[in-house]
Amino acid sequence: MQFASQSVAKLYFTAAIALFIGQITFGLILGLQYVVGDFLFPEIPFNAARMVHSNLLIVWLLFGFMGSAYFVVPEESQRELYSPKLAVILFWVFLASGVLTIVGYLAVPYATLAKITGNAYFPTMGREFLEQPTITKIGIVVVALGFLFNIGMTVLSGRKTVVNIVLLTGLVGLALMLLFSFYNPDNLVKDKYYWWWVVHLWVEGVWELILGAILAFVLIKLTGVDREVIEKWLYVIIAMALVTGIIGTGHHYYWMGAPGYWRWWGSIFSALEPIPFFLMTLFAFNIIHKKKRDHPNKPAMLWAMGTAVMAFLGAGVWGFLHTLAPVNYYTHGTQITAAHGHMAFFGAYVMIVLTMISYAMPILRGRTANSDKAQVVEMWAFWIMTVAMVFITLFLTASGVLQTWLQRMAENPQPFMVVQDKIQFFYWLREAAGVAFMIGLVLYVVSFFVFRDEPIEPAV
Ligand code: HEM
Ligand code: HEM
Ligand SMILES: [Fe+2]
């Protein structure tokens with residue numbers, strides 16, 4: 001570790017992984033409820049499990065981003081964190097409000113939660129991904145402001161690098177877009193319009209800056225390639241991300257009552273959205289090709305390459321699949337959407353956080369890299385999780401194509417639930433792939449604890 005204050009990242013990464021396990025546990029519950037309809041009913045209804053699954057995902061990714069920033073920013077700024085104490089306090093505030101919210105989802109019916117948290121006075125609840133009680137949302141904003149202050153002061157008073165500035169811009173954007181979750185107009189069209197400013201402009205806008213910056217940082221460290229080369233790539237990637245992604249929001253405005261011209265704007269601009277993801281793939285492989293040293297941390301390199309490939313597949317290819325209005329007309333809200341959502345979130349944001357953890361965690365624990373045997377375990381975990389996610393995506397895509405066909409395109413379109421019964425087979429397969437994913441995740445956790453006293457092969 002170059003700076004002692006980087007060590008706060010360890011807290012954040014540990015919490016991230018713990019919540020990740022929770023997320024996948026609820027994913028498995030959901031997947032089983034898809035095929036055994038009354039599984040855990042009435043204790044854990046599907047809607048509650050779904051909130052827990054998706055909210056845990058977002059929260060642990062945020063822990064991952066914050067931990068990454070606390071690790072990256074001091075090193076890039078060449079100074080200690082402005083206030084390590086504030087970082088620790090905010091960690092506990094965020095963890096407590098996150099856990100309390102999840103307990104709330106599970107302990108009482110959602111309507112009761114809305115009532116006891118005073119949603120009537122300032123209604124923000126009841127929208128997918130933004131289900132959190134208003135007080136939780138306020139808590140998140142407070143944590144975000146404190147975090148940005150801490151990171152901002154460090155960046156502004158230290159060495160300014162492109163990685164730092166892009167990362168900070170992405171994080172500020174993340175907080176700014178979150179503010180739209182407080183605007184909840186009665187008019188459903190307007191509601192959806194701004195809801196997407198949070199959801200879409202996060203994952204296809206400002207989060208891409210965070211993704212690009214973290215990838216650039218890790219590649220600089222692993223390959224020793226000159227910063228100047230890496231920075232040029234980063235500029236082009238984030239410019240393309242914003243140029244395509246902002247107007248690309250229109251791919252969500254097709255059928256919700258917005259003006260019809262959005263079908264053109266949304267189709268054209270979002271069709272270009274794969275470009276920044278493709279550039280990221282080229283970028284990573286190009287830099288690795290130019291590498292000046294062999295870093296002893298092999299899994300970190302594997303995760304970095306994995307991110308570059310899987311983000312392009314999940315967001316770029318599976319996004320493009322259903323983004324043109326004439327296609328989306330049929331596929332909207334089907335399992336095709338879920339297939340894409342899973343692979344995109346995993347490939348881009350889960351994997352970049354795991355890349356960072358893979359690189360940083362050994363350093364935070366006092367070594368450049370883990371022992372060779374521990375690295376082998378981690379690489380097995382990488383492959384099992386990644387291949388399992390590919391299968392989850394393929395099974396959901398298959399079920400989605402059938403669903404779209406039977407329900408919306410065939411000569412005698414059949415009702416939703418009738419079609420659901422016919423595609424059960426794929427839901428079973430998805431659940432099996434989910435179990436494999438969980439095995440990979442358990443192995444990943446195991447890799448932190450095994451072979452701690454074994455030697456590390458010296459770098460070439
Ligand atoms: C890492 C980046 C991305 C992530 C994490 C992501 C994630 C998601 C998720 C979770 C949904 C479902 C939202 C809902 O609940 O309705 C969704 C929908 C959608 N995404 Fe993405 N996405 C990404 C990038 C892209 C890209 C690059 C494209 C286009 C090329 C795209 C096209 C779409 C479309 C068209 C929908 C709407 C599907 C429908 O009508 O049901 N996405 N995305
Ligand atoms: C890191 C891995 C995972 C990520 C990133 C992830 C992400 C997501 C996202 C973004 C959604 C909302 C989808 C949408 O609105 O279209 C979702 C829903 C869901 N996920 Fe996952 N998930 C993961 C793992 C799993 C696993 C292992 C399973 C189970 C086998 C699973 C089962 C489900 C189910 C059943 C839903 C509900 C879909 C629906 O409402 O119809 N997920 N997940
Ligand atoms: Fe989008």
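Residues numbered from 1 in each chain as written. Chains lettered and ligands numbered in written order. Predicted model: local features only at pLDDT ≥ 70, side-chain atom pairs only at ≥ 80, totals over all residues. Heavy atoms only, no water.

Q: How do you make sense of the site of ligand 1 when you look at a structure like this?
A: Taken together, 26 residues sit near ligand 1, with Glu-128, His-332, Gly-333, Thr-337 and His-340 positioned nearest. In this structure, Glu-128 approaches ligand 1 through a side-chain N or O atom, which is 2.7 Å from an oxygen atom. Here His-332 contributes a side-chain N or O atom positioned 2.5 Å from an oxygen atom of ligand 1. Looking at the shell around ligand 1, the elements that each hand over two or more residues are α7 (188-223), α10 (274-289), α11 (298-321) and α13 (335-364). Residue contributions to the shell around ligand 1 peak at seven residues, all from α13. (Near = heavy atom within 4 Å. Polar contact = N/O pair within 3.5 Å; in protein donor to acceptor, adjacent residues only side chain to side chain. Helix = DSSP H or I, 4+ residues; strand = E, 2+ residues; numbered from the N terminus.)

Q: What's the story with the packing of aromatic side chains in this structure? I'm lost.
A: To describe a pair of aromatic rings, one takes the distance between the centres and the angle between the planes. The final tally for this structure, using the stated rule, is 47 aromatic pairs. Plain terms: the ring middles of Phe-20 and Phe-437 are 6.2 Å apart, the flat faces sit at 70 degrees to each other, and that makes the pair edge-to-face. Of this pair, Phe-20 sits in helix α1 (residues 8-35) while Phe-437 sits in helix α16 (residues 424-446), and the two are 417 residues apart along the sequence. Classification of Phe-437 as buried rests on a relative accessible area of 3%. Site record: aromatic cluster; members linked through ring pairs are Phe-180, Tyr-183, Tyr-193, Tyr-194, Trp-197, Tyr-253, Tyr-261 and Trp-262. Above the plane of the ring of Trp-195 lies Lys-192, whose end atom (NZ or CZ) is 4.5 Å from the centre. Here the guanidinium or amino end of Arg-430 rests over the ring plane of Tyr-34, the centre of that ring lying 4.8 Å away. (Phe/Tyr/Trp six-rings, centres within 6.5 Å; stacked < 30°, edge-to-face > 60°. Buried < 20%, exposed > 50% of the residue type's maximum accessible area, 1.4 Å probe, protein only. Lys NZ or Arg CZ within 6 Å of the ring centre and 35° of its normal.)

Q: Where do I start with the coordination of the iron ion (ligand 3) in this structure?
A: Protein coordination at the iron ion (ligand 3) comes from His-200 (ND1), Glu-204 (OE), His-251 (NE2) and His-252 (NE2), with a distance range of 2.1 to 2.2 Å. What the four donor atoms of the iron ion (ligand 3) show is an angle range of 84 to 146 degrees at the metal, which sorts the shape as irregular. Donor residues for the iron ion (ligand 3) sit on one chain with the sequence pattern H-x3-E-x46-H-H. Residue class for His-200 comes out buried when judged on its relative accessible area of 0%. (Donors = N, O, S within 2.8 Å, 3.2 Å for Na, K, Ca; no water. Tetrahedral: all angles 85-135°; square planar, octahedral: opposite > 155°, others 65-115°.)

Q: Even after reading the chapter, I still don't get the packing of helix α3 (residues 84-107) against helix α5 (residues 134-156), so can you show me in this structure?
A: Remark: α3 packs on α5, axes separated minimally by 10 Å, with the N-to-C direction vectors making an angle of 160 degrees. Taken together, the axes of α3 and α5 lie roughly antiparallel to each other. Between α3 and α5 the crossing geometry is left-handed. Seen from α3, the contacting residues are Leu-86, Ala-87, Leu-90, Val-93, Phe-94, Ser-97 and Thr-101; seen from α5, they are Thr-136, Ile-140, Val-143, Gly-146, Phe-147, Phe-149 and Asn-150. Classifying every residue of the contact of α3 with α5 by side-chain character gives nine nonpolar, five polar and no charged. (Axes fitted to C-alpha atoms, helices over the stretch in contact; angles between N-to-C directions. Parallel < 35°, antiparallel > 145°, perpendicular 65-115°, else oblique. Left-handed = near helix turned anticlockwise from the far one by under 90°. Contact = heavy atoms within 4.5 Å. Nonpolar A, V, L, I, M, F, W, Y, C, P; charged D, E, K, R; others polar.)

Q: Looking at this model, I keep getting lost on the site of ligand 2. Mind explaining?
A: Around ligand 2 there are 25 residues in total, and Tyr-34, Arg-50, His-53, Glu-128 and His-342 lie nearest to it. Contacts to ligand 2 include Gln-23, whose side-chain N or O atom sits 3.5 Å from a nitrogen atom. His-342 places a polar side-chain atom, nitrogen or oxygen, 2.8 Å from a nitrogen atom of ligand 2. Elements with a minimum of two residues in the shell around ligand 2: α1, α2 (46-77), α13, α14 (372-409) and α16. For the shell around ligand 2, the leading source of residues is α1, giving eight residues. Classifying every residue of the shell around ligand 2 gives 15 nonpolar, six polar and four charged.

Q: Help me understand unusual backbone geometry in this model?
A: Where the residue is not glycine, phi is negative for most of them; where a peptide bond is considered, it is trans in most cases. Of the consecutive residues Phe-41 and Pro-42, the connecting peptide bond is found in the cis state with omega at 5 degrees. Unlike most non-glycine residues, Phe-129 shows phi in positive territory, near 70 degrees. On the secondary structure map, Phe-129 appears in the loop between α4 (110-116) and α5. With phi around 50 degrees, Phe-451 is a residue other than glycine that occupies positive phi space. Topologically, Phe-451 is positioned in the segment after α16. Residue Phe-451 is classed as partly exposed on the basis of its relative accessible area of 35%.

Q: What exactly am I supposed to notice about the coordination of the iron atom of ligand 2 here?
A: Ideal geometry at a metal gives 109.5 degrees between four tetrahedral donors and either 90 or 180 degrees between six octahedral ones. Coordination sphere of the iron atom of ligand 2, protein contribution only: His-53 (NE2) and His-342 (NE2), at 2.0 Å. Considering all six donor atoms around the iron atom of ligand 2, angles at the metal cover 86 to 179 degrees and the coordination shape is octahedral. Placement of the pair is His-53 in helix α2 and His-342 in helix α13, with a sequence separation of 289 residues. Classification of His-342 by relative accessible area gives partly exposed; the value is 29%.

Q: Whenever I open this one, the side chain of Ser-371 confuses me. Can you help?
A: Tracing the sequence through the fold places Ser-371 in the loop between α13 and α14. Look at Ser-371 and you get buried, because its relative accessible area is 4%. Aside from chain neighbours lying at most four places away, what touches Ser-371 is Phe-451, Glu-454, Pro-455 and Ile-456.

Q: Explain α7 to me, please; I cannot follow it from the model alone.
A: In an α-helix, one full turn covers 3.6 residues, which means residues spaced three or four apart are oriented alike. Over its 36 residues, α7 runs 50 Å from end to end, which matches the ideal 52 Å to within 8%, given 1.5 Å per residue. Along α7, the sharpest change in direction is near 60 degrees and occurs at Trp-202. Buried residues dominate α7, accounting for 29 of its 36 residues. Its side-chain oxygen 2.8 Å from the backbone nitrogen of Val-189, Asn-187 forms the N-cap of α7. Directly beyond the C-terminal end of α7, a positive phi value near 70 degrees is found at Gly-224. (Expected span 1.5 Å × (residues − 1). Bend = angle between axes of the 7 residues up to and from the residue.)

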